[in-house]
Amino acid sequence: MTSLVQTDHKFSIAPMLDWTDRHCRYFHRLLTQHAVLYTEMVTTGAIIHGSGDYLAFNTQEHPVVLQLGGSNPADMAHCAKLAEQRGYDAVNINVGCPSDRVQNGMFGACLMAQPQLVADCVKAMQDVVSIPITVKTRIGIDDSDDYQFLQDFVATTAAAGCQQFIVHARKAWLKGLSPKENREVPPLNYARVYQLKREFPQLNISINGGIKTLEQVQQQLLHLDGVMVGREAYTNPMLLSAVDELIYGATGTVRTPQQVVLEMLPYIEQQMCEGARFWHIARHMLGLFQGLPGARQWRRLLSEQGHLSTATPELLLQALAKITPVAELTT
């Protein structure tokens, strides 16, 4: 059985399909050295049968967790072993995504209704790896949304050896709501996650859902072991620049957004030399100047020209000049 390793999960950035790729994670790591990063969900089928390398990441991303979608214990164990061999710090089982595509593959939030199957996956994975196996879940699904349902799910999964749970404090409607609506329509219920922590004090429990400021993060940490922030990290990435100091108590120089742009340039040049498209990297940086003068011009220039096949890293400097005079960039 594994034990929770040294990674401090006080603050983590939520996995998001089609968004938290390795370019996004590299960008986020420039802003915070301590936050735990997650991959977008990768299915066991993609890893085992796909033609691409779905486990690739940059060594600078650590600590980084692979989020895995699947429900076949043998396949989950096989993929966990591959993830450990590649150097991931943990593997997280997705029991929270409500999309139809995920349900048809028998993983995601629908697995809350099958806690023993999730437990079987946890045990199979932990039997073959020494890194932690964790679970990200909701507080309930459909009409199964009382505390007893959540308690039973966590108790069954924890009995198989899972020591860490990330709980999105909303239930999921498996029918009738889109994934976007499932992130917004079901009401938040933080109290239920607090109750879970009181009942299972030995478990490491993080909360996710509706948290937009570091002040809110600090308030949540009075009750829980960790906080996972989702969309705010993408729309306002500079939020992450204060995480190391405010959440982890680490000292160091907080980067300005201008410095981050300049630090991204060598990475973009290297990735483009290896075949990456400029836009696939730059799209993650659109919100970097959120709330600052010139932010709209920054976004507009990148959005209008960044997707062109002719776009180069020079476009970042042109967009940056909309905010910072060129003379200041060279001083």
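Residues numbered from 1 in each chain as written. Predicted model: local features only at pLDDT ≥ 70, side-chain atom pairs only at ≥ 80, totals over all residues. Heavy atoms only, no water.

1. Considering helix α12 (residues 257-273)
Note the following rule: Helical segments are the DSSP runs of H or I of at least four residues, strand segments are the runs of E of at least two, and each set is numbered from the N terminus. Helix span is expected to be 1.5 Å times the residue number reduced by one. Axes are fitted to the seven residues ending at a residue and to the seven starting at it; the angle between these axes is taken as the bend at that residue. Accessibility here uses a 1.4 Å probe with only protein chains present; expressed as a share of the type maximum, an area under 20% marks a residue as buried, one over 50% as exposed, and anything in between as partly exposed. By definition, residues are in contact when any of their heavy atoms lie within 4.5 Å.
Taking 1.5 Å of rise per residue, the 17 residues of α12 would be expected to cover 24 Å, and the 25 Å separating its terminal C-alpha atoms lies within 8% of that figure. L265 marks the point of greatest bend in α12, at about 30°, and the proline P266 comes within the next four residues. Residues P257, V260, V261, M264, L265, Y267, I268 and Q271 constitute the buried set of α12. Where α12 is buried, its residues meet α1 (22-31), α13 (278-282), α14 (295-305) and α15 (314-320). In the stretch just after α12, G275 is the one whose phi turns positive, near 110°.

2. Details of the pairing of strand β8 (residues 204-208)
Which entries qualify depends on this criterion: Two strands qualify as a pair provided DSSP detects at least 2 bridges between them.
Burial within β8 is extensive, with 5 of its 5 residues counted as buried. Along β8, one buried face is formed by N204, S206 and N208 and the opposite face, lined by I205 and I207, is buried too. Both strand β7 (residues 164-168) and β8 contribute to a ladder of 5 bridges, which runs parallel. Paired with H168 across the strands is N208, a residue of β8. In this sheet, strand β9 (residues 226-229) lies alongside β8 in parallel orientation, the contact comprising 3 bridges. Looking across to β9, one finds that N208 is bridged to M228.

3. Remarks on the pattern of salt bridges
A side chain with one charge may pair with a side chain of the opposite charge, provided their charged atoms come close. Note the threshold: One side-chain nitrogen of Lys or Arg within 4 Å of one carboxyl oxygen of Asp or Glu is enough to make a salt bridge.
Following the criterion strictly, the structure yields 8 salt bridges and no others. Across the salt bridge formed by D53 and R86, the nearest N and O atoms sit 2.8 Å from each other. With a gap of 33 residues between them, D53 in the loop between α2 (44-49) and β4 (64-69) and R86 in helix α3 (residues 73-86) connect regions that are remote in the sequence. Residue R86 is classed as partly exposed on the basis of its relative accessible area of 40%. For K123, the salt bridge is made with D127, and the minimal N-O distance between the two is 2.9 Å.

None of the figures reported here should be taken as evidence of function without further support.
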